[in-house]
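# Commentary on secondary and tertiary structure
Chain by chain, the residues run as shown.
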Amino acid sequence: MLEKITPRTEDFSRWYTDVIAAGQLADYAPVKGCMVIRPNGFALWENFQRALDGMFKETGHENAYFPLFIPESFLKKEAEHVEGFAPECAVVTHGGGKELEEPLVVRPTSETIIWAMFRKWIESYRDLPLLMNQWCNVVRWEMRTRLFLRTLEFLWQEGHTAHGTAEEAEEETRRMLEVYRRFAEDWMAMPVISGIKTEREKFAGAVRTYSIEAMMQDRKALQSGTSHNLGQNFARAFDVTFQNERGEREFVWATSWGVSTRLIGALIMTHGDDKGIILPPKLAPTHCVLIPIYKGEDQRALVLERLEAIGNTLSPDFKVKVDKREGYTPGWKFYDWEQKGVPLRVEMGPRDLAKNQVVLVRRDTGEKIPVGTEGLVDRVRDVLDAIQRSLFEKARSLMLQNSVTLDDYLDVVRFLEGPGGFVYGRLCNSFSCEEKIQEETKATVRCIPFDRPPDPGPCLVCGKTVDGRVVIAKGY
RNA sequence: CGGGGCGUGGCGCAGUCUGGUAGCGCACCUGCUUUGGGAGCAGGGGGUCGGAGGUUCAAAUCCUCUCGCCCCGACCA
């Protein structure tokens, strides 16, 4: 269980897999490209789900569940969509010992089957908006996989909504991206850039795709959530119409949006250090781990009794664990819980007992803070809040320090050849200009940020005048 | 699919070139002593050496075939 973690500076991708193994977050499954999410990882995912699901409900969405299997013909109904997904689909051809009349695709995403159902449910403008979400697994047959970031099967949430006007659909698309931004920043303590995807990078079948992009510690970008305005593409493909207030038939306007277990990978690569993962307090399955320190049987009984009492005073407000395991030294336990990313350690030994205090140790900074047992709940809350804030600030300064504004094409190439980061550069929204940058640097346009100031100038590649800058970076 | 690497107790490896019947570290079990940053000693359990076939008195080791995994490239949340 306890292994040494490769330092980030030595080999970032090995560091990443080491952190996952050491924290017992996931393991490789017997099926190539698939993973097992272990209890430590799944507890995290459950907290992600809880927080996100609450926000979905607040914005009026309801959960439902649609089938894993999709008739192959459904997928083929939307031209761009099938083109985007067909190569990475798993297809079931046999069932019950017989070849199926029509193959069933294992969902890579559920637009098609959901819109086949929306057709039955939507008749009038009174049925709109229809705001739905499902938590499920999807399968995409990827060539190269990495734990949490890209596996054949992954868990996610997919929202699907239907609206009566283009404006409402656009509002919904932006609203849900904003929900993702808030989740990333307020809960995960992960700063992101919100923006619109280029034509080249948008979702197959969408009119517009928005995303939130985060910078990992290796300075590569990770798309952490997407929201699509699907226009009337799926309504047309599945013939979903409604009667408006004036009695006219119209195609419905659609959106879809999702985040996945990839966010766990994002969390690891945003906050982790050479000791392992660091969990932001707002999402940590365990906030505080209490570790007793003693010599001999008598002390053990005294310290444990006191520590249990402290655990009880903390447990109404925080998720607390008392590590009573015997046969392990305190030092061993420190490392163990650090690898698991628990934000706050509470130590108590004979010296603390005498002074009626405990020692709080921050996972993120290692700082040791002796505090009296009086008013401990408030102190713990303060320290956890401080950790949450400081994780965000640290990540934000990494992103700012590694973002540059460049106007010269060669400077961009040179920057991306080095340690890299985010380039704010001018690029027109054409396939060919973006392709040229990608061919030469492996970087792509991550997004066209919402909050970009007007800053007209020539496109880095073709020289055509554009009115502002985009974010260019290597991505996952 | 192209390039590279690796399959030997749970994990990490040595042994392979030069055949002689399997070893080390960690982990695990028992006991005693320990416990403020990965404890020590003693004892113990666990492997048909990825699989199949062949050569040989004898194969982890040599030959043939096969299967699997990891890493690096082209696509993706």
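Since the structure is predicted, the reported quantities are computational estimates derived from the model, not experimental observations. (Residues numbered from 1 in each chain as written. Chains lettered and ligands numbered in written order. Predicted model: local features only at pLDDT ≥ 70, side-chain atom pairs only at ≥ 80, totals over all residues. Heavy atoms only, no water.)

### Some details on the packing of aromatic side chains
The geometry of an aromatic ring pair is captured by the separation of the ring centres together with the interplanar angle, meaning the angle of the planes. How we decide: Think of it this way: a Phe, Tyr or Trp ring, Trp meaning its six-membered ring, pairs with another when their centres are within 6.5 Å, and the plane angle makes it stacked under 30 degrees, edge-to-face over 60, tilted otherwise. For the purposes of this entry, the term helix denotes a DSSP run of H or I that reaches at least four residues, the term strand denotes a run of E that reaches at least two, and both are numbered from the N terminus. Residue burial is assigned from relative accessible area. The probe radius is 1.4 Å, only protein chains are included, and a residue is buried under 20% of its type maximum, exposed over 50%, and partly exposed in between. Geometrically, a charge over a ring is one whose NZ (Lys) or CZ (Arg) sits within 6 Å of the ring centre while staying within 35 degrees of the ring normal.
What the rule picks out here adds up to 16 aromatic pairs. Ring geometry for phenylalanine 48 against phenylalanine 183: centres 5.5 Å apart, planes inclined by 65°, an arrangement best described as edge-to-face. On the criterion of sequence distance, the pair formed by phenylalanine 48 in helix H2 (residues 39–58) and phenylalanine 183 in helix H6 (residues 166–187) is long-range, its members being 135 residues apart. Phenylalanine 183 matches phenylalanine 48 in its accessibility class, with the two residues each being buried. Relative to phenylalanine 238, the ring of phenylalanine 74 lies with its centre 6.1 Å away and its plane at 70°, an arrangement referred to as edge-to-face. With a gap of 164 residues between them, phenylalanine 74 in helix H3 (residues 72–75) and phenylalanine 238 in the loop between helix H7 (233–237) and strand E12 (241–243) connect regions that are remote in the sequence. Stacked on the ring of tryptophan 187, the Lys or Arg lysine 282 has its end atom at 4.8 Å from the ring centre.

### What to know about unusual backbone geometry
Cis rather than trans, the peptide bond between leucine 128 and proline 129 has omega equal to -5°. Of note, glutamine 24 is a non-glycine position whose phi angle comes to about 50°, a positive value. Along the polypeptide, glutamine 24 turns up in the loop between helix H1 (12–22) and strand E1 (26–28). Its relative accessible area of 18% is what places glutamine 24 among the buried residues. Despite not being glycine, alanine 189 has its phi angle at roughly 60°, a positive value.

### Describing the pattern of salt bridges
The line we're drawing: What counts as a salt bridge is simple: a side-chain nitrogen of Lys or Arg found within 4 Å of a carboxyl oxygen of Asp or Glu.
Considering all chains together, one arrives at 37 salt bridges under this definition. With a closest N to O distance of 3.1 Å, arginine 446 and glutamate 213 form a salt bridge. With arginine 446 in strand E22 (residues 444–449) and glutamate 213 in strand E10 (residues 208–215), this pair connects stretches of sequence that are 233 residues apart. Look at arginine 446 and you get buried, because its relative accessible area is 5%. Judged by its relative accessible area of 1%, glutamate 213 is buried. The partner of aspartate 323 in a salt bridge is lysine 333, and the shortest N-O contact between them spans 3.7 Å. Of this pair, aspartate 323 sits in the loop between strand E16 (320–322) and helix H10 (330–339) while lysine 333 sits in helix H10; the two residues are 10 residues apart in sequence, bridging distant segments of the chain. Each of the salt bridges in this network shares a partner with another, and the network as a whole consists of Asp323, Arg325, Lys333, Asp336 and Lys340.

### Considering the side chain of glutamate 170
Here is the rule: In protein, a polar contact means a hydrogen-donor-capable atom and an acceptor-capable atom, both N or O and within 3.5 Å, with residues adjacent in sequence counting only if both atoms are side-chain atoms; elsewhere, any N or O pair within 3.5 Å suffices. Residue contacts follow a heavy-atom distance rule, with two residues in contact if any of their heavy atoms lie within 4.5 Å.
By secondary structure assignment, the location of glutamate 170 is in helix H6. Reaching out from glutamate 170, the side chain makes a polar contact with the side chain of tyrosine 210 at a distance of 2.2 Å. Those residues in contact with glutamate 170 that lie beyond four places of it in its chain are Arg208, Tyr210 and Asn229.

### Observations regarding the environment of alanine 184
Inspection of the secondary structure puts alanine 184 in helix H6. The spacing of alanine 184 and alanine 266 is 82 residues in sequence and 9.6 Å in space, taken between C-alpha atoms. Setting aside residues no more than four positions away along its own chain, alanine 184 makes contact with Ala189, Met190, Val192 and Ile212.

### Looking at the nonpolar core
Filter applied, for reference: To define a nonpolar core, start from buried Ala, Val, Leu, Ile, Met, Phe, Trp, Tyr and Cys residues and group those joined through side-chain atoms within 4.5 Å.
Within the largest apolar cluster, 48 residues are counted, with the highest numbers of intra-cluster contacts made by Phe48, Phe148, Phe183, Met188 and Ile268. Only H1, H2, H6, E10, strand E14 (253–260) and helix H8 (262–271) provide two or more residues apiece to this core. Top contributing element to this core by residue count: H2, with seven residues. Residues in contact with phenylalanine 148, not counting those within four places in the same chain, are Tyr16, Ile20, Leu25, Ala26, Met35, Ile37, Thr261, Arg262, Ile264, Gly265 and Ile268.

### Thoughts on H6
Which entries qualify depends on this criterion: Expected span of a helix: the number of residues minus one, times 1.5 Å.
Here H6 spans 31 Å end to end across 22 residues, near enough to the 32 Å set by a 1.5 Å rise per residue. Directly beyond the C-terminal end of H6, a positive phi value near 60° is found at alanine 189.

### Considerations on the UniProt feature "domain: Aminoacyl-transfer RNA synthetases class-II family profile" (unreviewed entry) in chain A
The condition is simple: UniProt positions are given in the numbering used here, feature names are shortened, and annotations may be inferred rather than shown by experiment.
On the UniProt side, "domain: Aminoacyl-transfer RNA synthetases class-II family profile" (unreviewed entry) is annotated at positions that read residues 38–280 here. Secondary structure across residues 38–280 comprises 33% helix and 32% strand; the distance between its end C-alpha atoms is 19 Å.

### Some thoughts on the packing of H2 against H6
Where we set the bar: With axes taken as lines fitted to C-alpha atoms, and helix axes fitted only over the stretch in contact, angles between N-to-C directions fall between 0 and 180 degrees. Helix crossings fall into two classes, left-handed where the near helix is turned counterclockwise from the far one by less than a right angle and right-handed where it is turned clockwise. In this classification, the charged set is Asp, Glu, Lys and Arg, the nonpolar set is Ala, Val, Leu, Ile, Met, Phe, Trp, Tyr, Cys and Pro, and all remaining amino acids, among them Gly, are polar.
Between H2 and H6, the least distance of the axes is 11 Å, while the angle of their chain directions is 145°. Taken as a pair, H2 and H6 cross one another with a handedness that is right-handed. Where H2 abuts H6, its residues Phe48, Ala51, Leu52, Met55, Phe56 and Glu58 lie against Met176, Val179, Tyr180, Arg182, Phe183 and Trp187. For the contact of H2 with H6, the class distribution of residues is 10 nonpolar, no polar and two charged.

### A word on the domain arrangement of chain A
Here is the rule we go by: As used throughout, domain bounds are those supplied by an automatic or database domain assignment.
Entries for chain A in the domain assignment read domain 1 (12–271), domain 2 (288–383) and domain 3 (403–473). Distance between the C-alpha centres of domain 1 and domain 2: 41 Å.

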